[in-house]
Structures are given as C-alpha cells and as structure tokens.
Amino acid sequence: MGNGNCKVLSRIFGIATAVGMAALTGTAQAASGGVGKVPEARQVFMRDVPNFSATNSTAPRVIPRPRTGMPESTYQALKAQAASPHGVPLPVTLNGPPQPQPVQATGRETPIASLNFDGDAEFEACSFDTPADQALAIGDGKNPILQAVNVCLSVWNTAGTRLLGPKDLVSFFGLPAGTFTSDPRALYDWYNHRFIVTLLDSSCPNGGCTSSTNNYNIAVSQSDDPTLGWWIYRIPVQSATNALNDFPRVGQDRAATYPITTGTKFPGAIYLASNLFSNLSGAYLNEEWLVLPKAAMYNGQSFSFWFFFGMTSGGVVTDTTQPVNVWNPYDNPRAEFLITSKDFFCTSSCNGLTVWAISNPFGFVTGGPSPELTGVVISTVNNYSQPPNAVQPGSSTLIDTNDTRISGEATYQSGSIYASNESANGTGGVSSLIYRVQPQLNINDGARCTGAFLNLCPQITGATELNESVLNYGGTSAAYFAVPQPDPEGNINTVFTFSSATQYAGLAYISQRVTQANNTFVDLGFFLQSGSAPAYTQLRWGDYNAVAPAGVAYKAGDGGKVSTPGFGFSGMYASGNTWRTRIGFNQFTGPGQP
C-alpha cells in the first residue's frame, strides 16, 4: 500500500462562462499523492466462470444507499425540507403531459430506440442484491453488449440475445464466497478494443469495524470479445487504513507517452475514483483517485501507479468527482479531465462545478515529475439543492433519489465534458441539470516539466459552460439519475429514471440535437420501459443509470452492426414487486429528427 506524501501543484484561474455568469467561486487543490504497486494479474476465461445462483447467498440483501458521512436524521431532514415548495423554482422546460411518452406517440423527435430488451433481473437470475446498480459497455466485436449489476454479468448480441451469463461476479474476480460486492462500472476502450469492468469489495460493508479490507477490483478483457480471456487485478485502498471505499467512478484517456525516454505511444490510463469513509466511525475522510496504466494491464503485467487524495475545492474537501470517459478513437486530449459538483456539504442552495485536469500520468515511472493535477471552479446557470425523495402512485413509500452528486458517467467528446446531477425543482419534485463544459489548458507547467517532459504537463486554466439544460417536468414529478451521452457530432441522448404520483418508476430517454438552442427540448422524451409496480424496498431504487457509445467504428460484414454511431443505455424499471433492467440503443440517422 502506498503512503507517499508528495505535494501536487494546483492553480486556480478566473474566467467567465459563455452563458453569462461569473465563473470564479473558489480554489481547487490537491493535497497529496503517492505511489502504489500491483502484482501480475490473474487470468480468467469468462466462459469458464460459473453462472450466478441464488443459492450462492443466504438471503437477498438490500444495498445501502451511497454514504455521505452525515447522520441519518440530518439526511432525512434535508429530504423532508426538499419536498416542500421553496426557493426559486427551476424552469419547467418540458411543456405538455408531465411525463415521458410511450413509444407509440406521434410527433417523434427523440429517435426511438431501435434496440429495446430486458437485461438481468431480480428473482430471475440475480436475486442476491436489491436494488441494482448499472454498468454497461458496448464494443465493436461479434459479442458486443456487456451489462453488470452488483453480483452478475451478462453478454448479449446486437439482437438482444443473451450469449453468456448471468455470470457470478464474485467468482469472476476470484473473491471468497459470500464477499460483499457493489457498485459495478464498465467502459469500452474504442481505441484499443478492450472492455473494462470495475467493482468494489469489503470485509466490513456496514462499518463499525476496528479493521477491515476494502478493495478495488478491475478486469480488462484480452480482446474485443468479452466472452473470452480477461486479466483480473485487486487493489487495496491506498491512502488510509481501515477506510471503506464507496461509490466508485471510472474514466479513461486515449493515449499517453510511457515511458517518457522512449517516446513510444502507449494506450493511456484508467482513472478510478472513490469516496473514503472511516470504517470505524463512518466519518467521511476524502476522495482517492487511482491512475492505472493500460499498457501493463492489457498484458496482465505488474505495475506501479500514482494515486491522489485529499482534494479540496473552495476550501472544502471534495467528494464524488467523476473522471471522464474519452471514448471516441478520434479524440486525443492532452489531459484527462474530471468534474465535481457540490454534494455532501450542500445543505441548501448551491452553485458551481469544479473541473480538473491530470497530465503526465506516468512520468514518475522513469524518474520524472509526478502527475500534474490542476483545477478550476466555475459557476452554474442555475442553483441546485438536495432533491426530495420521489413519489410513486398510491403509496406512502417514497423512492430515495440520493443527493446532488454527479452519479452517472461523465463523458468527453470533441473538447466538451458532458455530465448531470439532480436537484429539487422547488415545487416538491426532482429535476436533473445536464451540463456541457469546455475546459481550457495552457501549454505546460514550466517549473516542473522541462527537458524530456517539456509540454507534457499542461494545466487547466479555465472552463466555459456551453450549455445547461434543465430536465424538469414540473410539480412533484421526478426525473433523476440522469446520464447524458454525446455522439461524435455532439448530439446528446440522456437516460433517466422517472416516477410521479401517476407513474411507477421506469426508464426513460430524451435526445437533443447539437444545433438546438441551449436549454431546449423538442419533445417530452420516451419510456424505454415504464414501471408497472411500486419500487418497494426501504426507499431504495438504485444509484445510477448507465450509458455507452455504440456503433463508433463500423466494419462491413460484422453481423448486424450499426453503421451510424449512437447511444447505448440501461437502467432499472419496476415490475411485479421486483426490479428488472432494460437495455436500449437509439441514434440520429437523418434530418427528419429535428
């Protein structure tokens, strides 16, 4: 376990956003960093992993909501306050019936999903955990669609036929039987044609332990076929002992120079972030970010890596920062970007985002400078505040919508970062804010990166908010866990969960052309699958939905592969007192879709 205490330089610059608000609201800093080491990977063939069986567990368990470090009474008081009309209501941008529409509706502008099929489900295959968290990756091979929930992983073809699974994730990652696992995430590396899956495990998931083991599990496929070989790594928490890592986030860049002395291009890094809590007291500690080399991992080799911890923004320790997914093989930014909203410490009306940049991720391996981490803080057009729990028909049981964190994947495309968080809408409902932010870099940190490292350490000097769309159906309707996914043109499809006093929790999506006016929608969006029963279990209904770019690199004769890039997405819906998941794909294909 690394325990370095190398100070990382950080600077803040004043800027102005394109939407007319002063941007500078504080400073962003990284406190410390260190070096960790990982042994060679374990090799696994997915086809050999046993399928999950409910007999693997004693009883289904309810996954606790993401930790915040605040007392339960405080959290519930904030939720109750948010349910009352207060403050300045967010604008209602969706005019018409107060919910997404069924796909049979006329006047379609959001592209209707051309793929729409059930993924893994409770009490059918994956009954160990409730509710589910979503991980989705779509590749370019013949077995392209991978979905993971908390204990299961399955692979589908483009027709929605399950090819493999549901596989037991505990067995896949080589963990002891009965190990607590949670919070899967998945990416596809379109530049190197590899799948990436991450998962947490803990010996003391409920806290109160004087000692515990808490780990990151990372799997990378050996090819573009997820049914074949994988390399498996297990990495302990680095910056603190007896610290529980919670709510992981994963991103990737495209390429990096490693080692610097050879000038050889290697396939970049995987960026893994989590929130750390004391496993004894439950108090929040700080974030931890791991910078992992794809070059070694794609070959199953041992490696050293850098980690950051103790970041602050505006003098406040950060939480739930999302590293971006640089997915387009034609994008190659000079740094990896990350984005943070105000969250744990947002107890009233809050404003602003912190945008980070990490450059020179592997210079330290050859005796050069450590990675360069810099951050800026920008204001947002709208204030946001803790969202109320979501209503559902005929029930006093509300659905926990968590908090103001950026819960789903953040994405980089053609110079912009796309991300979303949720807020009280001011009238007792929940809305989601969808951001498009353009970061700016300088040439280099000339004080640290000279000689062979010249121009390899750009710093973030500003960020401009290009758009901020408010997904708000008004009243007590709730649109939550929204995740935007851009295509190569910059069109956006946003997947979200929706419920109201007349609609059970279902999975919906809405699209926006890059040429639309800011903060506009041309329709109400559509349900991929509407709910038909209450979300019932201890207020819990998952923590994030998933998106995945698809059809990026068309290859002729590839068995039904789409030829126009589009949007893959997945999430839960309520059915018959259980959760089910749904996987969809849509795309812009012509000018008849405004």
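Residues numbered from 1 in each chain as written. Predicted model: local features only at pLDDT ≥ 70, side-chain atom pairs only at ≥ 80, totals over all residues. Heavy atoms only, no water.

Quick notes on the overall build of the chain
(1) Moving on: A tally of regular secondary structure across the chain gives three helices and 37 strands.
(2) Moving on: For the chain, buried positions account for 65% of its 594 residues.
(3) Moving on: Contacts in the chain between residues at least 24 apart in sequence constitute 68% of all its contacts with a sequence separation of at least 6.
(4) Moving on: Accessible area of the chain: about 19,200 Å², with a carbon and sulfur share of 52%. (Helix = DSSP H or I, 4+ residues; strand = E, 2+ residues; numbered from the N terminus. Buried < 20%, exposed > 50% of the residue type's maximum accessible area, 1.4 Å probe, protein only. Contact = heavy atoms within 4.5 Å. Areas by Shrake-Rupley, 256 points an atom, 1.4 Å probe, with all protein chains shown as cover.)

Side note on the state of the cysteines
(1) Moving on: In total, this model carries three disulfides according to the counting rule given.
(2) Moving on: The disulfide partner of C346 is C350, and the S-S distance across this bridge is 2.1 Å. Judged by the torsion about the S-S bond (120°), the C346/C350 disulfide is right-handed. The two residues C346 and C350 agree in class, both being buried.
(3) Moving on: There is a disulfide in this structure between C449 and C457, and the S-S distance comes to 1.8 Å. On the sign convention where negative means left-handed, the S-S torsion of about -75° between C449 and C457 marks this disulfide as left-handed. Take C449 and C457: they sit in the same class, and that class is buried. (Disulfide = S-S within 2.5 Å.)

Focus: the sheet that holds strand β3 (residues 42-45)
(1) Moving on: Pairing in this open sheet of five strands is antiparallel, and the strands run β3-β14-β13-β12-β11 from one edge to the other. Only two strands of the sheet have a single neighbouring strand rather than two, namely β3 and β11 (180-189). Neighbour-to-neighbour, the strand axes of the sheet open up by a mean angle of 25°, direction not taken into account.
(2) Moving on: Here four bridges tie β3 to strand β14 (residues 229-236), and the two strands are oriented antiparallel to one another. Residue F45 lies in a different strand from β14, and its bridge partner there is G229. (Pairing = 2+ DSSP bridges. Axes fitted to C-alpha atoms, helices over the stretch in contact; angles between N-to-C directions.)

Re the sheet that holds strand β35 (residues 546-550)
(1) Moving on: Strand order across the open sheet formed by four strands is β5-β37-β36-β35, with antiparallel pairing between neighbours. Here the strands that pair on one side only, and so sit at the sheet edges, are β5 (115-121) and β35. Each neighbouring strand pair of the sheet contributes to a mean axis angle of 25°, computed without reference to strand direction.
(2) Moving on: Pairing geometry for β35 and strand β36 (residues 566-575), over five bridges, is antiparallel. Residue pairing for β36: A548 is matched across the bridge by G568.

Structural notes on helix α1 (residues 72-82)
(1) Moving on: For α1, the full list of buried residues reads Y75, L78, K79 and A82. Projected down its long axis, α1 shows its buried positions confined to an angular sector of 100°, all on one face. (Arc of directions from axis to C-beta.)

What about unusual backbone geometry?
(1) Moving on: Going from G165 to P166, the amide bond is cis rather than trans, its omega being 5°.
(2) Moving on: If you trace the backbone, P166 turns up in strand β10 (residues 162-168).
(3) Moving on: Even without glycine at this site, D183 takes up a positive phi of about 60°.
(4) Moving on: Relative to the assigned elements, D183 resides in strand β11.
(5) Moving on: Phi is positive for N519, which is not a glycine, with a value near 55°.

Things to note about the confidence of the model for the chain
(1) Moving on: When pLDDT is averaged along the chain, the result is 87; 89% of the residues meet or exceed 70.
(2) Moving on: Here residues 1-25 is a poorly scored stretch, pLDDT under 50, and it has 89 contacts once near neighbours within four places are set aside; other chains count.
(3) Moving on: Segment residues 258-263: pLDDT under 50, and 13 contacts once partners within four positions in sequence are set aside and those in other chains are kept. (pLDDT = per-residue confidence, 0-100.)

A look at the pattern of salt bridges
(1) Moving on: In total, this model carries 12 salt bridges according to the counting rule given.
(2) Moving on: Note that R448 and E372 form a salt bridge whose closest N and O atoms lie 2.4 Å from each other. Note that R448 is positioned in the loop between β29 (430-441) and β30 (460-471) and E372 in strand β26 (residues 372-378), a separation of 76 residues in sequence.
(3) Moving on: A relative accessible area of 21% places R448 in the partly exposed class.
(4) Moving on: A residue is classified by how much of its surface remains accessible, and E372, at 0% relative accessible area, is buried.
(5) Moving on: Each of the salt bridges in this network shares a partner with another, and the network as a whole consists of R65, E72 and D400. (Salt bridge = Lys/Arg side-chain N within 4 Å of Asp/Glu carboxyl O.)

Concerning the side chain of T181
(1) Moving on: Along the chain, the position of T181 falls in strand β11.
(2) Moving on: A relative accessible area of 0% means that T181 is categorised as buried.
(3) Moving on: Apart from residues no more than four positions distant in its own chain, T181 is found in contact with R61, I63, D129, N150, V151, V170, L175, L199, L200 and D201.

Considering the pairing of strand β8 (residues 145-148)
(1) Moving on: Side chains of β8 alternate between two faces, with I145 and Q147 and L146 and A148 buried alike.
(2) Moving on: Bridging between strand β7 (residues 135-138) and β8 involves four bridges; their strand directions are antiparallel. Pairing of A137 across the sheet is with L146, part of β8.
(3) Moving on: Taking the residues between adjacent antiparallel strands as the criterion, β7 and β8 are bridged by six residues.
(4) Moving on: Both β8 and strand β9 (residues 152-156) contribute to a ladder of four bridges, which runs antiparallel. In the strand pairing of β9, Q147 is matched with S154.
(5) Moving on: A loop of three residues connects β8 with β9, the two strands running antiparallel in sequence.

A word on the nonpolar core
(1) Moving on: Residues Y216, I235, L290, L292, M297, F303 and F305 are the most contacted members of the largest nonpolar core, which totals 27 residues.
(2) Moving on: Secondary structure elements with two or more residues in this core: β12 (194-202), β13 (214-221), β14, β15 (243-252), β18 (269-278), β19 (284-293), α3 (294-297) and β20 (303-309).
(3) Moving on: Membership of the second largest hydrophobic core comes to 26 residues, among which are L164, F172, W230 and I232. (Core = buried A, V, L, I, M, F, W, Y, C linked by side-chain atoms within 4.5 Å.)

With respect to the side chain of N214
(1) Moving on: With respect to the secondary-structure elements, N214 resides in strand β13.
(2) Moving on: Engagement of the side chain of N214 in a polar contact is seen with the side chain of S212, the distance being 2.8 Å.
(3) Moving on: Beyond its immediate sequence surroundings of up to four residues, N214 is in contact with D201, S202, S203, P236, V237, A243, L244, N245 and N279. (Polar contact = N/O pair within 3.5 Å; in protein donor to acceptor, adjacent residues only side chain to side chain.)

Side note on the packing of aromatic side chains
(1) Moving on: Evaluated as defined, the whole model comprises 26 aromatic pairs.
(2) Moving on: On the basis of an interplanar angle of 45° and a centroid distance of 5.9 Å, the ring pair of F117 and W156 is categorised as tilted. Pair noted here: F117 is in strand β5 and W156 is in strand β9, with a separation of 39 residues, a long-range link.
(3) Moving on: We classify F117 as buried; its relative accessible area is 8%.
(4) Moving on: Between the aromatic rings of Y480 and F481, the centroid separation amounts to 5.3 Å while the plane-to-plane angle is 70°, which identifies the pairing as edge-to-face.
(5) Moving on: Taking the relative accessible area as the measure of exposure, F481 reaches 2% and is therefore buried.
(6) Moving on: Three or more aromatic residues joined by ring pairs make a cluster, and in this case those are Y233, F303, F305, F307 and F309.
(7) Moving on: Sitting above the plane of the Y544 ring, R185 keeps its charged end 3.6 Å from the centroid. (Phe/Tyr/Trp six-rings, centres within 6.5 Å; stacked < 30°, edge-to-face > 60°. Lys NZ or Arg CZ within 6 Å of the ring centre and 35° of its normal.)

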